[in-house]
Amino acid sequence: MTSSPAAVVVLISGRGTNLQAILDQTAAHQLPIEIRAVISNNPNALGLERARNARLPTHIVDHRAFASRADFDSALMQVTDNYRPQLVILAGFMRILGKEFIRHYQGRLINIHPSLLPEFPGLNTHARALRSGAVRHGASVHFVTDVVDRGPVILQAVVPVKPGDTVQTLAERVLKEEHRIYPLAIRWLAEGRVKLHDGRIFLDGKYQAEPIREN
Ligand code: GRF
């Protein structure tokens, strides 16, 4: 690659296994990105430890310290913008972001969600998939828009729901796929192969009517 790596900021709230997958691929020179900072709203997020181990700058913007969502969003935006990111990656970030934040990063703000969107937006996706009798489940990487978990989907991976699955076994199967497709989608974005135009996804200049499936 001759072009410079894409500047990235990662936002987390918890254990950070998706962050770790991104860190590992970056360290292995498989991702043309430069992770400039990791920001957590949760001071105790295990992912902060992972970022420190990778010698990355970390920041805590604790939502509990702010009187309103708008104040939290604007503090988060300020810290994020200091790093001039081309891409802002939500990796298990558990706060709902406001319209202004989302508009500011439109087309460069992505999330991973543990279901085949538009199925099961929101929380407890694995339990809900099991309860519904679904025979397949999975994960989706999507652009963030102001309707939660409804932004245009870039990439999905499908897993089977197997007889005897529990929330834990199903979650593990999905998470393994998350760690595979999130870095891949990030690579496509960093290389400029995936773009968002008027709410539609383009890969290599071609409009994608359906989410791309990576298995
Ligand atoms: C993942 O299942 C992701 O899809 C969801 O939150 C979880 C984060 O896990 N948005 P981790 O913190 O990356 O381990």
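Look up: the structure comes first, before these words.
What comes next concerns the included structure. Everything numeric in this text was worked out from a predicted model, so none of it was measured. (Residues numbered from 1 in each chain as written. Predicted model: local features only at pLDDT ≥ 70, side-chain atom pairs only at ≥ 80, totals over all residues. Heavy atoms only, no water.)

1. Regarding the overall build of the protein
Okay, step 1: Check the secondary structure of the protein and you find six helices and eleven strands.
Okay, step 2: For 215 residues, the compact-globule formula gives about 17 Å, and the C-alpha radius of gyration of the protein, at 17 Å, lands near that figure.
Okay, step 3: Here the C-alpha coordinates of the protein stretch approximately 50 × 40 × 35 Å along the principal axes.
Okay, step 4: Counting contacts in the protein only where the partners sit at least 6 residues apart, residues at least 24 apart contribute 64% of the total.
Okay, step 5: The distance from the centre of the 26 positive side-chain charges to the centre of the 20 negative ones in the protein is 2 Å. (Helix = DSSP H or I, 4+ residues; strand = E, 2+ residues; numbered from the N terminus. Rg over C-alpha atoms; globule rule 2.2 N^0.38 Å. Contact = heavy atoms within 4.5 Å. Lys, Arg positive; Asp, Glu negative; His and termini not counted. Charge placed at Lys NZ, Arg CZ, Asp CG, Glu CD.)

2. Remarks on helix α5 (residues 125–132)
Okay, step 1: Thr-125, His-126 and Ala-129 are the residues of α5 that are buried. In a view along the axis of α5, the buried residues occupy a sector of 100°, so they form one face of it.
Okay, step 2: Considering only its buried residues, α5 is in contact with β5 (109–113), β6 (136–143) and α6 (167–190).
Okay, step 3: At the C-terminal side of α5, Gly-133 shows a positive phi close to 80°. (Buried < 20%, exposed > 50% of the residue type's maximum accessible area, 1.4 Å probe, protein only. Arc of directions from axis to C-beta.)

3. Quick look at the pattern of salt bridges
Okay, step 1: Taken as a whole, this structure holds eight salt bridges when the rule is applied.
Okay, step 2: With a closest N to O distance of 2.9 Å, Arg-64 and Asp-62 form a salt bridge.
Okay, step 3: Here Arg-64 falls in the exposed class, since its relative accessible area comes to 60%.
Okay, step 4: A salt bridge links Arg-193 to Asp-204, with the nearest nitrogen and oxygen atoms 2.8 Å apart. You can see Arg-193 sitting in the loop between α6 and β8 (194–197) and its partner Asp-204 sitting in the loop between β9 (200–203) and β10 (206–207), a full eleven residues away along the chain.
Okay, step 5: On the accessibility criterion, Arg-193 (29% relative accessible area) is partly exposed.
Okay, step 6: With a relative accessible area of 46%, Asp-204 lands in the partly exposed category. (Salt bridge = Lys/Arg side-chain N within 4 Å of Asp/Glu carboxyl O.)

Everything listed here is a matter of geometry and, on its own, says nothing about what the molecule does.
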